[in-house]
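These are the residues of each chain, in order.
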Amino acid sequence: ALPAAAQDPANDPRCATVRVAMPAELARWSNRAPLVAGATTRSAPVMVIGQAADVRLGTIDAATLPATPGRAAPDNAPYAGVALFQVARAGTYRVALGAPAWIDVVRAGRALASSAHGHGPMCTGIRKMVDFRLTPGRYVLQISGHDGASIPVMIVRAPRAAA
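Just so you know, these numbers come straight off a predicted model, no measurement behind them. (Residues numbered from 1 in each chain as written. Predicted model: local features only at pLDDT ≥ 70, side-chain atom pairs only at ≥ 80, totals over all residues. Heavy atoms only, no water.)

Draft legend 1. View of empty space enclosed by the protein. Throughout the structure, instances matching the rule amount to 1 cavity of 30 Å³ or more. Approximately 30 Å³ is the volume attributed to the largest cavity. Together, Ala37, Met47, Val55, Gly81, Val82, Ala83, Leu141 and Ile143 line the largest cavity. Counting only elements with at least two residues in the lining of the largest cavity, the list comes to strand S4 (79-87) and strand S10 (137-146). By residue number, the principal contributor to the lining of the largest cavity is S4, which donates 3 residues. Tallied by class, the residues present in the lining of the largest cavity amount to 7 nonpolar, 1 polar and no charged. (1 Å grid on protein atoms, 1.4 Å probe; cavity = no way out; pocket = protein on both sides within 12 Å on 5 of 7 lines; lining within 4 Å. Points joined across faces, edges and corners; volume = space filled by probe spheres on them. Helix = DSSP H or I, 4+ residues; strand = E, 2+ residues; numbered from the N terminus. Nonpolar A, V, L, I, M, F, W, Y, C, P; charged D, E, K, R; others polar.)

Set out below in structure tokens:
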């Protein structure tokens, strides 16, 4: 595993001289649109799969989130929020974050189990990636335990594993 600093180009001097080829599914990572997360599903915006966003979070009590987060937020990381997204085709979908936070994908009030997780490609600004196997329908992306009011986020259809 790469050190955490390697995931943040601002903190890794090697990134100043490295040009990274971004995986095709994440090519739009640098073209982020602003998005204000909701505190509940009623106030949640819709994220578009394949479009990156700078998601504005709020200081939200975990009890108001659609599902109990998979991990309790540390005292110094009170920011959270939710967004909706629509899956048209069954498959594995990847949530990429540009900073540390907890990711839950929620359906019918229940957080779903992830199928894989890891770091993003070195020097891309992608800190964390979590995969979920999803069927067609509407989902809630729930982000919690972040220490800042904004976080880069992208949901993409994950590439098929090499056979």
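Draft legend 2. The state of the cysteines, seen in detail. On inspection of all chains with the given rule, the structure shows 1 disulfide. Residue Cys15 pairs covalently with Cys123 via a disulfide, S to S 2.0 Å. Because the torsion about its S-S bond is -80 degrees, the bridge between Cys15 and Cys123 counts as left-handed. Residue Cys15 is located in the segment before strand S1 (33-36), and its partner Cys123 is located in the loop between strand S8 (116-118) and strand S9 (128-134); the two are separated by 108 residues in the primary sequence. An identical accessibility class is assigned to Cys15 and Cys123; each is buried. (Disulfide = S-S within 2.5 Å. Buried < 20%, exposed > 50% of the residue type's maximum accessible area, 1.4 Å probe, protein only.)

Draft legend 3. Geometry of the pairing of strand S6 (residues 102-107). In this sheet, S10 lies alongside S6 in antiparallel orientation, the contact comprising 5 bridges. Its bridge partner lying in S10, Val106 is registered against Val140. For S6 and strand S7 (residues 110-111), the ladder comprises 2 bridges, and the chain directions are antiparallel. Bridging from a neighbouring strand, Arg107 pairs with Arg110 of S7. (Pairing = 2+ DSSP bridges.)

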